[in-house]
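# Geometric and topological summary
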Number of protein chains: 2
Amino acid sequence: MDFEPRATRKDITGALSRPEFFSYGVEAYEAWKKRSLTSDIIAEQKKVQEADLVMFQFPLYWFSVPAVLKGWMDRVLCQGFAFDIPGFYDDGLLKGKLAILSITTGGTADMYWKTGANGDFRYFLWPLQHGTLHFCGFKVLAPHISFAPEYASEEERKGMVASWAQRLKTIWNEEPIPCSPPWYFGQ
Amino acid sequence: MDFEPRATRKDITGALSRPEFFSYGVEAYEAWKKRSLTSDIIAEQKKVQEADLVMFQFPLYWFSVPAVLKGWMDRVLCQGFAFDIPGFYDDGLLKGKLAILSITTGGTADMYWKTGANGDFRYFLWPLQHGTLHFCGFKVLAPHISFAPEYASEEERKGMVASWAQRLKTIWNEEPIPCSPPWYFGQ
């Protein structure tokens, strides 16, 4: 996927609403209302609108999504389409939809355990699952994490794929995680 | 800045070390060793190498960096240059350097307080400050957060800039934050 990740002036095809002081958030919101966002954004928004479940499959880069997927979030999930003020978290505009992160890692589970995560990915996934997906109204299914496929044997890799395939068979029966601050940090 | 955010095959100028099974991390590491990374990455690595303090100035997008800056981290902070295994966290290859996040937000401080952060940005900044910068060996100074400049008056905005300028005068005297899991989550 060669999606453009950079959020720029080029994303607004018409005149700017406030040309003297460019604000990407303000202009994207106005362009969404006037249907003057650039065509690649509109095409992605249409896919999201039609989906019941959005799966994000990515390799973990710096404990987050790679830039190309971050750019998808920055550009596609704009105000007016994905949220409004008010109109976020449980009232987010994409409510009624499910989302899931399916992640491959560079390091083994053991390495994440040692380096401060204590094996618990909630710490890293909070900005994505709560701050982004839940903010837009998605209910979030438990993340699917495949550790270090590059260091695994061919047989182990096949096992990872089989386990994901198995999970997908009954994914519609799954309950979402309680994707809220107390669940993440026990407040 | 029109930096390329996407980590792709194009970042390796020479032959691949494992062409039958492309892994960005593996190939970037090998290319770093052979000095065959693409020129925009090398130019940025040179800037980092010469810096005593790296300042990341950005608007908060989805509780993280915009994609263009995420791409800078994905591509510039490669294995061999910024870390190695072993050679991370306190032993990261960029140890001896300082880093600071200077952030502008879309929402007011009050909005972050309400939406689960309790006004505490440590929850969001953990993947960047600990998972990325500290991982590479940087000591991290306390983040500088300017809330909602777009909703502020001209006078308030001037105050934000003045306060940042004031801080910079004595920034060399500052002690880094204890950027470790217990500091973030009180484990």
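Here, every reference points to the structure presented above.
Notes on the structure in this doc start here. None of the values given here were measured: they were computed from a predicted structure.

Thresholds, definitions, all that
Residues numbered from 1 in each chain as written. Chains lettered and ligands numbered in written order. Predicted model: local features only at pLDDT ≥ 70, side-chain atom pairs only at ≥ 80, totals over all residues. Heavy atoms only, no water. Helix = DSSP H or I, 4+ residues; strand = E, 2+ residues; numbered from the N terminus. Buried < 20%, exposed > 50% of the residue type's maximum accessible area, 1.4 Å probe, protein only. Contact = heavy atoms within 4.5 Å. Areas by Shrake-Rupley, 256 points an atom, 1.4 Å probe, with all protein chains shown as cover. Least-squares fit on C-alpha atoms with pLDDT ≥ 70 in both. Salt bridge = Lys/Arg side-chain N within 4 Å of Asp/Glu carboxyl O. Axes fitted to C-alpha atoms, helices over the stretch in contact; angles between N-to-C directions. Parallel < 35°, antiparallel > 145°, perpendicular 65-115°, else oblique. Nonpolar A, V, L, I, M, F, W, Y, C, P; charged D, E, K, R; others polar. Buried area = accessible area lost by both parts, 1.4 Å probe. Polar contact = N/O pair within 3.5 Å; in protein donor to acceptor, adjacent residues only side chain to side chain. Pairing = 2+ DSSP bridges.

### Observations regarding the overall build of chain A
Within chain A, the regular secondary structure consists of seven helices and four strands. Reading the helices (α) and strands (β) of chain A from amino to carboxyl end gives α-α-β-α-β-α-α-β-β-α-α. Taking the principal axes of the C-alpha coordinates as reference, chain A spans close to 55 × 35 × 35 Å. For chain A, the proportion of its 187 residues judged to be buried stands at 52%. The long-range share in chain A, meaning contacts at least 24 apart out of those at least 6 apart in sequence, stands at 72%. Carbon and sulfur atoms form 57% of the exposed surface of chain A, whose accessible area is close to 9,000 Å².

### Things to note about the relation of the copies chain B and chain A
With an RMSD of 0.0 Å, the operation that places chain B on chain A is a rotation of 180° combined with a shift of 0.0 Å along the axis. Taken together, the rotation angle and the small translation identify this as a two-fold axis. Within chain B, the C-alpha atom positioned nearest to the axis of rotation is that of B:Ala67, 2.4 Å from it. The fraction of interface residues of chain B whose copies in chain A are also interface residues reaches 100%, indicating that both copies meet through the same surface.

### Some words on the pattern of salt bridges
Opposite charge on two side chains permits pairing when their charged atoms draw close. Throughout the structure, instances matching the rule amount to 24 salt bridges over all chains. For the salt bridge of A:Arg6 with B:Glu4, the shortest nitrogen-to-oxygen distance reads 4.0 Å. Of this pair, A:Arg6 sits in the segment before helix H1 (24-33) while B:Glu4 sits in the segment before helix H1 (24-33), each in a different chain. The salt bridge partner of A:Lys70 is A:Asp74, with a shortest N-O separation of 2.7 Å. One end of the pair, A:Lys70, and the other, A:Asp74, are both in helix H3 (residues 67-76), four residues apart, so they sit about a helical turn from each other. In this pair, the class of A:Lys70 matches that of A:Asp74, namely buried. Overlapping salt bridges, with partners in common, bring together A:Asp2, A:Glu4, A:Arg6, B:Asp2, B:Glu4 and B:Arg6 in one network.

### Some words on the packing of H3(A) against helix H3 (residues 67-76) of chain B
At their nearest, the axes of H3(A) and H3(B) sit 8 Å apart, and the two run at 170° to each other. In terms of axis orientation, H3(A) runs roughly antiparallel to H3(B). Every residue of H3(B) that contacts H3(A) at A:Ala67, A:Lys70, A:Gly71 and A:Asp74 is listed here: B:Ala67, B:Lys70, B:Gly71 and B:Asp74. When its residues are assigned to classes, the contact of H3(A) with H3(B) shows two nonpolar, two polar and four charged.

### Quick notes on the interface of chain B and chain A
Each partner contributes residues to the interface: chain B has 44 residues there, and chain A has 44 residues. Taken over both partners, the interface formed by chain B and chain A buries close to 3,700 Å², and the fraction arising from carbon and sulfur atoms is 62%. Across the contact surface, chain B and chain A share six salt bridges. The partner of B:Arg18 in a salt bridge is A:Glu150, and the shortest N-O contact between them spans 3.5 Å. Among the secondary structure elements, those contributing two or more residues to the side of chain B that touches chain A are H1, H3, helix H4 (109-117), helix H5 (122-134) and helix H7 (181-185) of chain B. Sorting elements by how many residues they give to the side of chain B that touches chain A places H5(B) first, with seven residues. Each residue belonging to the side of chain B that touches chain A can be placed in one class, and the counts come to 27 nonpolar, 10 polar and seven charged.

### Some thoughts on the side chain of B:Lys97
Along the polypeptide, B:Lys97 turns up in the loop between H3 and strand S2 (98-104). A polar contact of 2.8 Å, which involves the side chain of B:Lys97, links it to the backbone oxygen of B:Gln49.

### Here we look at unusual backbone geometry
Residues and elements named next belong to chain A. Look at the link from Ile 85 to Pro 86: it is a cis peptide, with omega at 0°. Looking at the element boundaries, Pro 86 is found in the loop between H3 and strand S2 (98-104). A positive phi angle is found at Trp 62, which is not glycine, with a value near 50°. As for its position among the elements, Trp 62 is in the loop between strand S1 (53-59) and H3.

### With respect to the pairing of S2(B)
Residues and elements named next belong to chain B. Burial analysis of S2 places six of its seven residues in the buried class, which makes it a mostly covered element. Pairing geometry for strand S1 (residues 53-59) and S2, over seven bridges, is parallel. The residue of S2 that forms the bridge with Val 54 is Ala 99. For S2 and strand S3 (residues 139-140), the ladder comprises two bridges, and the chain directions are parallel. Within the sheet, the bridge partner assigned to Leu 98 lies in S3 and is Lys 139. Two strands pair when backbone bridges link them, and S2 and strand S4 (residues 144-146) are joined in this way by three bridges, in the parallel orientation. Residue Ile 103 lies in a different strand from S4, and its bridge partner there is Ile 145.

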